[in-house]
Amino acid sequence: MDAIAEKRIVTEDHATAPSKPYDPAYDPLVAATPGQGRDYAPTYWIGTAGDPPPDDGPITHDIDVDVAIIGSGFTGLTCAIFLAQEYGIKATVLEANRVSWGCSTRNGGQAQCASGRLKRSQWIQRYGLDTALRLHAEVCEGMETFKGLIKDIDCDPQPGGHLYIAHRPKVMPALEKEAKILRDVFKYDARILDADTVKRDYVDDKEAAGAMHEPEGIGIHAGKLAFGYLKKARALGATVHPSSPVQGWETRDGVHYLKTPGGTVRARAVGVATGGYTSQGLHPQLKNRLLPILSNSIVTRPLTLAERDACNFRTTQVITDTRILRHYYRQMPDGRVQIGSRSAITGTDAPQKKYEQKLIDDLHRKFPALEGIEIDYSWWGWVDVSHDMMPRIFQPDPRQTIYYAVGYGGNGVMYSAQAGRRLAALIAGKSAGPELPIFRSALPFPNVREMVESQAFAPFRRVGQRFLYRWYHLKDEVL
């Protein structure tokens, strides 16, 4: 019996318990690694998902594997699923802390027909019409991939589309223009709703000046989805090892030596799926290629019927507003309201109560009837934003069997499934997908290359981010 099989027998009846508490001040631009064996953030998803499923325990000795995947979130686990289903490859997934500890259990649970931060009209401006149409086809196919994956996972799906609410009247002309492009150019049935229709038929968000309704959009329970992916991956033969951070990486003669606290994993191919928790020192191909951004979320206690009526919550669709520093929110299956938005700049600042209070104030502004309602869950997490606002699924060096799928910019709940599928194809030696920039180019550096290479670049990015947030706030709320 081989070592992997022995490990599965030993650990198959339980999930690996945390050895260290959750670190609320973790910052991927500062910390050398995400840690080892840390507990989950105190999110609604973890608090209500039930016990984590069994995993394969930490790496305890040197092993040889065909494929190692770094990161056990949505992307890493779906990659393992597709490697097994479509190519007969049983991957070894390495996780620094608990399974799906990062983005995958700290997001807003909104699966939208998008990826990255750009709108369809911006795709046309940047890439031209032909490429924009193929990008649209890719994300639509991604939504179908996602639906196929979750059809046998009990993750509390709330289908019905996406409501994109104009937070001020001045936004409506741009929203109407975007909806026309979606209908006429992309043949995607986006509809414009006036303020009265939104407040009467969907939800009485006091800020709503109208909305665009998209036909595709599903709310899910992120914790249940992550745990479902874990069960599915292991049932297909993948092994998933928490408490096994990659603390060193060397490549010799085509073999990758991934050093973990318990032993070295020697892999013939490596897929990186670490999202906003990508350490600066993980690999040179990823250093300074992402800007991690904090996002806060809160979840209320369940609303009473009178509170629901006062807010006129008639929809459980996923909702965002048109701010640059946007809010994402919805009514949950258990009657709670979840809302999230951007947060602090640094991990050190993240635990300050003012960021939670700002989100509470935002909730009250949208729904005055909820002023004073108890907040049962509050958390924050890091979003992986690429410097050109678009994801990448790519092999950065054709001479090395290293691949990554990152940079979703907050739209990874759905697209991570498709990215996992595309990453699996790359690792198996196939084409990632159609001829698209997200499959044919590396994650870009920021515009000023010399600053990227300097040790002072991370603080510079944070200073720039502060000024940018202030400008965005002025555009959203004042100008």
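Residues numbered from 1 in each chain as written. Predicted model: local features only at pLDDT ≥ 70, side-chain atom pairs only at ≥ 80, totals over all residues. Heavy atoms only, no water.

Points about the pairing of strand S15 (residues 337–342)
To keep things clear, this is the line we draw: Note on exposure labels: buried denotes an accessible area under 20% of the residue type's maximum, exposed denotes more than 50%, and partly exposed covers the range between, all computed with a 1.4 Å probe on protein chains only. Helix and strand labels come from DSSP, where a helix needs a run of H or I of at least four residues and a strand needs a run of E of at least two; each type is numbered from the N terminus. For two strands to be treated as a pair, DSSP must find no fewer than two bridges joining them.
For S15, the buried fraction is high: 5 of the 6 residues fall into the buried class. Sheet topology places strand S14 (residues 328–331) next to S15; 4 bridges connect them, and they run antiparallel. Bridging from a neighbouring strand, Gln331 pairs with Val337 of S15. If you look at the hairpin formed by S14 and S15, you'll find 5 residues sitting between the two strands, and Gly335 has a positive phi there, around 85 degrees.

A few points about the UniProt feature "domain: FAD dependent oxidoreductase" (unreviewed entry) in the protein chain
The cut-off we apply is this: UniProt positions are given in the numbering used here, feature names are shortened, and annotations may be inferred rather than shown by experiment.
Taken from the UniProt record, the annotation "domain: FAD dependent oxidoreductase" (unreviewed entry) applies to residues 66–426. In this annotation, residues 66–426 is assigned 32% helix and 27% strand; the end-to-end C-alpha distance for the span is 14 Å.

Quick look at the side chain of Thr105
As a reminder of what qualifies: Whether two residues are in contact is decided by their heavy atoms: any pair within 4.5 Å suffices.
Of note, Thr105 is situated in the loop between strand S2 (92–94) and strand S3 (110–112). Leaving out residues up to four positions away in the same chain, Thr105 has contacts with Tyr40, Thr43, Trp45, Ile46, Ser100, Gly223 and Ala226.

Remarks on the sheet that holds strand S4 (residues 162–165)
Convention followed: Orientation is described by axes fitted as lines to C-alpha atoms, over the contacting stretch for helices, and by angles from 0 to 180 degrees between their N-to-C directions.
Strand order in the open sheet formed by 8 strands is S5-S6-S4-S13-S14-S15-S12-S16, with mixed pairing between adjacent strands. This sheet does not close on itself; its edge strands, each paired only once, are strand S5 (191–194) and strand S16 (375–386). Sheet twist, expressed as the mean angle between neighbouring strand axes with direction ignored, is 20 degrees. Against the sheet, helix H6 (residues 172–184) makes contact with S4, S5 and strand S6 (210–214), and its axis sits at roughly 20 degrees relative to S6, the strand it touches most. Across the sheet, helix H10 (residues 353–366) touches strand S12 (290–300), strand S13 (318–321), S14, S15 and S16, and the angle it forms with S12 is around 60 degrees.

Examining the packing of helix H3 (residues 74–87) against helix H11 (residues 412–427)
When two helices pack together, you describe them by how their axes are tilted relative to each other and by the distance separating the axes. Going by this rule: Oblique is the label for any angle not under 35 degrees, not over 145, and not in the 65 to 115 range, which are roughly parallel, roughly antiparallel and roughly perpendicular in turn. By convention the crossing between two helices is left-handed if the near helix lies anticlockwise of the far one by an angle smaller than a right angle, and right-handed if it lies clockwise. In this classification, Asp, Glu, Lys and Arg are treated as charged, Ala, Val, Leu, Ile, Met, Phe, Trp, Tyr, Cys and Pro as nonpolar, and every other residue, Gly included, as polar.
Taken N-terminus to C-terminus, the directions of H3 and H11 make an angle of 45 degrees; their axes are 7 Å apart at the nearest point. If you check the angle between H3 and H11, you find them oblique. Regarding H3 and H11, the two cross each other, and that crossing is right-handed. Along the contact surface, H3 presents Phe74, Thr75, Thr78, Cys79, Phe82, Leu83, Glu86 and Tyr87, while H11 presents Gly412, Val413, Ser416, Ala417, Gly420, Arg421, Leu423, Ala424, Ala425 and Ile427. Across the contact of H3 with H11, the residue classes break down as 11 nonpolar, 5 polar and 2 charged.

Some thoughts on the packing of aromatic side chains
Stated precisely, the cut-off is as follows: Here is the rule: rings of Phe, Tyr and Trp (six-membered ring for Trp) pair when centre to centre is within 6.5 Å. Planes less than 30 degrees apart are stacked, more than 60 are edge-to-face, and the remainder are tilted. A ring is considered to have a charge above it if a Lys NZ or an Arg CZ atom is located within 6 Å of its centre and within 35 degrees of its normal.
Taken as a whole and assessed by the stated rule, the structure comprises 11 aromatic pairs. With 5.7 Å between their ring centres and 5 degrees between their planes, Tyr26 and Tyr277 make a pair best called stacked. With a gap of 251 residues between them, Tyr26 in the loop between helix H1 (3–11) and helix H2 (44–48) and Tyr277 in the loop between strand S11 (263–272) and S12 connect regions that are remote in the sequence. Pair check on accessibility: Tyr26 and Tyr277 agree, each one buried. The interplanar angle of 85 degrees and the centroid separation of 5.4 Å between the aromatic rings of Tyr44 and Tyr377 together place this pair among those described as edge-to-face. Pair noted here: Tyr44 is in helix H2 and Tyr377 is in strand S16, with a separation of 333 residues, a long-range link. With respect to burial, Tyr44 and Tyr377 carry one shared label: buried. Among the aromatic residues, those joined into a ring-pair cluster are Tyr44, Trp45, Tyr377 and Trp379. If you follow Arg106 out to its NZ or CZ, it ends over the ring of Trp101, 4.6 Å from the centre. Over the aromatic face of Tyr188 sits the side chain of Arg120, whose NZ or CZ is 5.7 Å from the ring centroid.

Quick notes on the confidence of the model for the protein chain
Short version of the rule: The pLDDT value tells you how sure the predictor is about a given residue, anywhere from 0 up to 100.
Of all residues in the protein chain, 94% have pLDDT values of 70 or greater, and the mean over the chain is 93. Under a pLDDT of 50 for its full length, residues 1–11 has, in the predicted model, 20 contacts with residues more than four places off or in other chains. Considering only residues more than four positions removed or in separate chains, one finds that residues 448–457, a stretch of pLDDT under 50, has 10 contacts.

Considering the pattern of salt bridges
Formally: Basic side-chain nitrogens of Lys or Arg form a salt bridge, by our definition, when they fall within 4 Å of a carboxyl oxygen of Asp or Glu.
Evaluated as defined, the whole model comprises 34 salt bridges. The closest approach of N and O atoms between Asp152 and Lys232, which form a salt bridge, is 2.9 Å. Of this pair, Asp152 sits in the loop between helix H5 (129–150) and S4 while Lys232 is found in helix H8 (residues 222–235), placing the two residues 80 residues apart along the sequence. Look at Asp152 and you get exposed, because its relative accessible area is 55%. On the basis of relative accessible area, Lys232 is assigned to the buried category, the value being 16%.

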